[in-house]
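Each chain is listed here by its residues.
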Amino acid sequence: MNAARPQAPIGPEPCPEERAALAAARAGEAGALHALLRRHVDPLLALARRLVRDRHQAEDLTQETLLAACRGLDSFRGDASIRTWLFRILIRLAQDPGRWRGRPCPASALEPTDIPDAMHAEPPYTSLARELRARIDEAMERLPPRQRVALHLRAVEGMGYDAIAVVLGGSPGAARMTVLAARRTIRGRLGSYLEDA
Amino acid sequence: MTCAFEDDVVARFLDGDARDTDDAELGDHVRACPHCARALARSRHLDALVAATSGTEGGAAADRLLARAIAASRAPAPREFRARTVLLAGAAGFLLGLLAMRLLRTGRAPERAPPPPPALAGEQPAAPADMVLLPDADGTARARPRAIVAERQPSVERCAAVLDDPTLAVAVTMRARARALAAGWPAPTATAIDAAVAAVVETAGRTLLVERSAASLLPIARGIVRGGTAGAALAAAARAERSFVSRLRAALQADCADELCVLAARLGDADLDRRLLAICRRDARRADLVARACADAPEGVARAAFLLDLWAAVSRRGDDGVAHANDDAARARAWFPPLPPGATAELLHCLATTRSAEVRARVLLALGARADAAALPALFAMIEAPNAADAALAAYALGCYDASVAADLEHAARSSRRPELLWVARAAHGDGAIRARLAAIGCSPAEIDLLAAGPLPPEQIPAAAALLRPRLPSTYRP
């Protein structure tokens with residue numbers, strides 16, 4: 001049984017490089033703001049697509065998050081990492097029912113699964129690969145939003161439970177239980193697919 | 001059956017939440033408990049799959065979003081008194097409008113009269129107060145009683161009768177009326193309406209594309225499905241208009257109109273395709289409709305791969321065994337031949353990349369149904385494949401080709417490791433030469449009739465090959 005330890009999960013505190021980049025951006029140095037935020041855009045986009053399911057709405061949500069971050073950079077205290085802070089903004093914006101959920105995007109069993117067209121390390125174009133991706137996305141969409149976000153942050157972003165707790169609010173223990181519940185639910189729905197792999 | 005330590009195992013070994021003092025003890029438990037070992041492996045695999053499906057395009061899109069956000073954040077913030085300024089400007093405009101109307105009513109209208117209708121230049125007949133000038137179909141202006149203007153108004157009903165579409169008819173009406181007013185006519189004629197009908201199918205359809213109302217979807221769908229130059233132009237515009245695609249996807253439901261499914265199938269958008277698959281899973285009747293629509297997709301839009309997905313989606317509906325194979329062959333013959341030539345290349349790509357035996361089988365049936373010469377090398381190669389089932393289906397596909405490949409089949413049989421399959425494919429042509437050769441190797445008349453009666457059903461290929469294998473001349477034995 002290979003039970004090797006994973007790499008240390010990403011914590012909630014900002015690293016020294018991030019603090020320096022933040023100070024440069026606040027000082028108005030040319031390109032500093034772009035350099036500070038650029039590496040967080042893809043993760044934001046990925047989380048947005050988990051939350052609003054429509055590619056264009058996800059881009060709108062990401063852009064609004066970045067805009068709010070740019071405008072609120074001076075009020076950012078620096079207690080948490082930039083990414084944690086950005087995720088919090090995105091989740092708060094996504095909870096506005098009038099903006100995202102009120103659009104003609106009914107949550108039903110037929111709800112489309114927004115799968116990125118071009119993925120990193122995409123497997124060869126096969127029906128099975130596409131179907132598997134569709135099933136995973138479908139299972140993720142059927143999760144309660146809190147579980148969906150928690151599992152995404154854990155599995156995709158590699159965040160630790162203390163960082164997830166900062167993003168979602170609550171304790172690290174509650175975040176851990178949320179991730180476990182999400183995994184259990186999805187494992188139940190994807191049983192045969194996970195067995196086959 | 002579950003294990004009480006499962007959550008601990010997953011959390012500590014997968015999430016790095018272990019305390020070193022417990023590590024050895026828990027590690028021993030994982031080695032001894034198959035349930036925990038399995039849960040850990042599945043969770044690990046699940047996390048990897050979730051991560052793999054969460055990629056984004058990144059790159060240009062991310063740069064664009066960030067650049068826009070930074071630029072917007074540097075723009076001056078909206079000023080507090082903006083709303084008040086707008087209100088004041090509106091009120092001033094309203095007062096000016098009232099003043100202008102008052103001036104018009106007191107006879108101090110603008111001194112310059114509106115230009116005469118273009119068709120009347122040179123004639124200028126005076127129209128009595130109860131008459132109005134209207135052009136005939138040939139463009140000649142005639143004074144008509146004002147009362148008939150009402151009849152000649154471009155009614156929605158008339159447009160609807162022409163267009164078979166009430167919403168589009170409204171657009172035609174508005175357009176025709178606007179053109180008539182711009183030309184100085186009090187109302188458009190029936191001829192003008194008819195001319196507008198043709199133009200508006202494209203132009204009003206483009207306008208409808210960016211409308212936000214759900215009611216505009218069906219007219220667009222019908223305009224595109226109706227075809228013709230205007231329909232093709234509308235389809236291209238619809239494909240490029242992402243907001244329209246999003247609205248169409250939201251409207252695609254199990255109970256939506258067939259036209260929406262047809263339109264979605266023609267557009268070839270990945271998001272729409274996923275929605276169509278979900279609908280067809282629930283309502284297999286729609287699958288044939290969607291497949292027929294795929295044949296009308298423009299060249300270059302990948303539809304063969306989508307049809308394979310659609311096939312997989314509807315095949316999981318309880319079909320089994322021999323009946324399943326027969327249905328599949330019939331479905332391949334119905335769905336794939338009408339696709340454009342590029343579909344063969346798509347199918348060959350799927351054949352080369354898929355690891356699924358089911359997908360390979362469907363691709364081979366589809367290639368047989370298309371009988372495209374471009375697929376012959378791949379089919380001959382598949383005869384030599386290690387997998388006997390794939391080879392049998394390749395023989396079926398080769399048997400679907402016409403007699404122009406007979407010489408190739410006979411030549412390939414001499415060096416093949418499965419010559420009997422190539423003989424089965426050759427026998428499907430049913431000509432006199434192959435009948436004579438079958439008789440020469442000892443096949444009975446009944447067997448010859450069976451083998452030479454056209455392509456055998458796929459599930460009978462292995463039995464036919466087994467029948468021929470011991471009878472082949474020694475030169476054919478590998």
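Residues numbered from 1 in each chain as written. Chains lettered and ligands numbered in written order. Predicted model: local features only at pLDDT ≥ 70, side-chain atom pairs only at ≥ 80, totals over all residues. Heavy atoms only, no water.

A. Examining the overall build of chain B more closely. Within chain B, the secondary structure is distributed over 26 helices and two strands. Buried positions account for 45% of the 478 residues belonging to chain B. Considering only residue pairs separated by 6 or more positions, chain B has 63% of its internal contacts joining residues 24 or more positions apart. Working note: accessible area of chain B is about 23,300 Å², and carbon and sulfur atoms make up 59% of it. (Helix = DSSP H or I, 4+ residues; strand = E, 2+ residues; numbered from the N terminus. Buried < 20%, exposed > 50% of the residue type's maximum accessible area, 1.4 Å probe, protein only. Contact = heavy atoms within 4.5 Å. Areas by Shrake-Rupley, 256 points an atom, 1.4 Å probe, with all protein chains shown as cover.)

B. Quick look at the pattern of salt bridges. Applying the stated rule across the entire model yields 23 salt bridges over all chains. Because the salt bridges share partners, they merge into one network encompassing B:Asp258, B:Asp283, B:Arg285 and B:Arg286. (Salt bridge = Lys/Arg side-chain N within 4 Å of Asp/Glu carboxyl O.)

C. Fine view of the packing of helix α14 (residues 270–282) of chain B against helix α16 (residues 304–315) of chain B. All names here are of chain B. Between α14 and α16, the least distance of the axes is 9 Å, while the angle of their chain directions is 25 degrees. The pairing of α14 with α16 is recorded here as roughly parallel in orientation. As for the relative orientation of α14 and α16, their crossing is right-handed in sense. In this structure, α14 contributes Asp 273, Leu 276, Leu 277, Cys 280 and Arg 281 to the contact, and α16 contributes Phe 306, Asp 309, Leu 310, Ala 313 and Val 314. (Axes fitted to C-alpha atoms, helices over the stretch in contact; angles between N-to-C directions. Parallel < 35°, antiparallel > 145°, perpendicular 65-115°, else oblique. Left-handed = near helix turned anticlockwise from the far one by under 90°.)

D. The arrangement of the confidence of the model for chain B in detail. Residue and element names in this part refer to chain B. Of the residues in chain B, 62% reach a pLDDT of 70 or more, and the chain-wide mean stands at 73. Least confident of the elements in chain B is helix α6 (residues 146–152), whose mean pLDDT is 49; most confident is helix α23 (residues 419–427), at 91. For residues 148–155, every residue scores under 50 in pLDDT, and the model assigns this stretch 18 contacts once sequence neighbours within four places are set aside. Scoring the predicted complex yields pTM 0.43 and, for the interface, ipTM 0.76. (pLDDT = per-residue confidence, 0-100.)

E. Representation of the packing of aromatic side chains. One pass over the full model with this rule turns up two aromatic pairs over all chains. Plain terms: the ring middles of A:Phe76 and A:Trp85 are 4.4 Å apart, the flat faces sit at 25 degrees to each other, and that makes the pair stacked. Like A:Phe76, the residue A:Trp85 is buried in the burial classification. Taking NZ or CZ as reference, A:Arg154 lies 5.9 Å from the ring centre of A:Tyr161, over its face. One cation-aromatic arrangement involves B:Arg331 over B:Trp335; the distance from NZ or CZ to the ring centre is 5.4 Å. (Phe/Tyr/Trp six-rings, centres within 6.5 Å; stacked < 30°, edge-to-face > 60°. Lys NZ or Arg CZ within 6 Å of the ring centre and 35° of its normal.)

F. Spotlight on helix α8 (residues 161–168) of chain A. A large share of α8(A) lies buried, amounting to six of its eight residues. After α8(A) finishes, the residue A:Gly169 shows a positive phi value of roughly 85 degrees.

G. Looking closely at the nonpolar core. Ranked by size, the top nonpolar core spans 92 residues in total, and within it B:Phe336 and B:Leu438 carry the most contacts. Top contributing element to this core by residue count: α16(B), with nine residues. (Core = buried A, V, L, I, M, F, W, Y, C linked by side-chain atoms within 4.5 Å.)

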